[in-house]
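Reading the structure
Spelled out from the first residue to the last, the chains are:
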Amino acid sequence: MTSHRPIKIAPSILASDYSKLGQEIRDVTEAGADWIHLDVMDGHFVPNISYGPDVIAKLRPHTDAVFDCHLMISPVDMYLESFAKAGCDIITVHAEAGPHLHRSLQAVRNLGKKAGIALNPATPMNIVEQVIDMVDLVLVMSVNPGFGGQKFIHSVTDKMADIHALIGERPIDLEVDGGVTTETAVDCAKAGANALVAGSAVFKGGTIDAYRDNINAIRKAAETNRP
Ligand SMILES: O=C(CO)[C@H](O)[C@H](O)COP(=O)(O)O
Ligand SMILES: [Fe+2]
């Protein structure tokens with residue numbers, strides 16, 4: 001099978017220097033990031049707290065790159081509008097964010113944004129079948145959500161390949177998130193992932209030149225291993 005969606009590298013600013021977020025976003029954009037991955041954590045759905053729509057709105061003027069917003073919050077519906085207004089382009093909710101997944105995805109699209117569904121490592125893929133016409137992106141977590149810098153869980157690549165087959169020719173991005181490196185990107189690309197989130201692996205080195213090298217290396221690993 002041939003995958004037609006272009007490879008997108010989405011640095012997660014979770015691994016950047018929070019004391020200079022605007023600068024980090026400008027640097028990683030100049031270094032070649034396609035999307036900026038924004039991890040929103042509520043201390044309830046996941047055992048960590050990050051940042052919310054006000055911070056994202058302040059970051060929006062710093063880049064024209066797509067804002068790929070990963071909401072790890074539950075319940076999620078009451079916050080969707082504020083993330084849309086903050087300038088998020090893709091808004092991804094977890095399958096378990098509740099209470100009504102279909103309604104949440106519909107709400108994202110009604111706000112004029114692209115809708116994504118995120119699956120935890122233990123979440124089966126079947127739920128995607130029920131909402132396949134409601135999504136523009138499927139995010140497969142390759143770590144348990146809540147923290148950057150964790151080890152890639154290899155068993156999720158089988159699920160990725162199954163979702164890739166389910167997506168077929170539909171215009172849906174297949175994104176992988178967690179522990180993505182130049183090594184693990186190979187298996188992700190082989191399984192059909194075209195959007196690769198990387199936090200630690202992009203921001204290591206701390207300079208724009210390092211970010212460019214890191215992004216290029218992940219992109220090369222993915223582009224040379226497509227199904
Ligand atoms: O959603 C996330 C964690 O819940 C992050 O996007 C993810 O962990 C990226 O960080 P790293 O590449 O360092 O694993
Ligand atoms: Fe994420």
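Residues numbered from 1 in each chain as written. Chains lettered and ligands numbered in written order. Predicted model: local features only at pLDDT ≥ 70, side-chain atom pairs only at ≥ 80, totals over all residues. Heavy atoms only, no water.

If you check an unreviewed UniProt entry, the chain appears there as Ribulose-phosphate 3-epimerase from Ahrensia marina. Check the Sequence similarities (unreviewed entry) section of the UniProt entry for the chain; it says "Belongs to the ribulose-phosphate 3-epimerase family." Its UniProt record gives the chain the following Pathway (unreviewed entry) comment, quoted word for word: "Carbohydrate degradation." (UniProt positions renumbered as here; feature names shortened; annotations may be inferred.)

Some details on unusual backbone geometry
Put simply, Ser74 and Pro75 share a cis peptide bond, and its omega is -5 degrees. Counting through the fold element by element, Pro75 comes out in the loop between strand S3 (66-72) and helix H3 (80-85). A cis amide bond links Gly98 to the next residue, Pro99, at an omega of -5 degrees. By the element assignment, Pro99 lies in the loop between strand S4 (90-94) and helix H4 (101-110). (Helix = DSSP H or I, 4+ residues; strand = E, 2+ residues; numbered from the N terminus.)

A look at helix H9 (residues 208-223)
Its 16 residues place the ends of H9 22 Å apart at the C-alpha level, agreeing with the 22 Å of an ideal helix rising 1.5 Å per residue. Among all positions in H9, only Ala210, Tyr211, Asn214, Ile215, Ile218, Arg219, Ala221 and Ala222 are buried. Within H9, the buried residues cover an arc of 160 degrees as seen down the axis, which keeps them to one side. Opposite its buried face, H9 presents the exposed residues Asp213 and Lys220, each directed more than 90 degrees away. Where H9 is buried, its residues touch strand S1 (8-11), helix H1 (21-30), helix H7 (184-190), strand S8 (195-198) and helix H8 (200-203). (Expected span 1.5 Å × (residues − 1). Buried < 20%, exposed > 50% of the residue type's maximum accessible area, 1.4 Å probe, protein only. Arc of directions from axis to C-beta. Contact = heavy atoms within 4.5 Å.)

So, the site of ligand 1
The environment of ligand 1 is formed by 19 residues, the closest being Asp39, Gly146, Asp177, Gly199 and Ser200. In the environment of ligand 1, an oxygen atom lies 3.3 Å from a nitrogen or oxygen atom belonging to the side chain of His37. At 2.7 Å from an oxygen atom of ligand 1 is found a side-chain nitrogen or oxygen belonging to Asp177. For ligand 1, the protein covers 98% of the area, taking 370 Å² as the surface of the free molecule. At the level of elements, strand S2 (35-41), S3 and S8 are the ones that each hand at least two residues to the shell around ligand 1. Among the elements that take part in the shell around ligand 1, S2 stands out by supplying 3 residues, more than any other. (Near = heavy atom within 4 Å. Polar contact = N/O pair within 3.5 Å; in protein donor to acceptor, adjacent residues only side chain to side chain. Areas by Shrake-Rupley, 256 points an atom, 1.4 Å probe, with all protein chains shown as cover.)

What about the UniProt feature "binding site: substrate" (unreviewed entry) in the chain?
Under the feature "binding site: substrate" (unreviewed entry), the UniProt entry names Ser12, His70, Gly146, Phe147, Gly148, Gly149, Asp177, Gly178, Gly179, Gly199 and Ser200. Assignment of secondary structure puts Phe147 in the loop between strand S6 (137-141) and helix H6 (156-167). Setting aside residues up to four positions removed in sequence, Phe147 forms contacts with Leu14, Met41, Pro47 and Asn48. Locating Gly199 in the fold gives a position in the loop between S8 and H8. If we ignore the near neighbours within four places in the chain, the residues touching Gly199 are Ser12 and Ala15.

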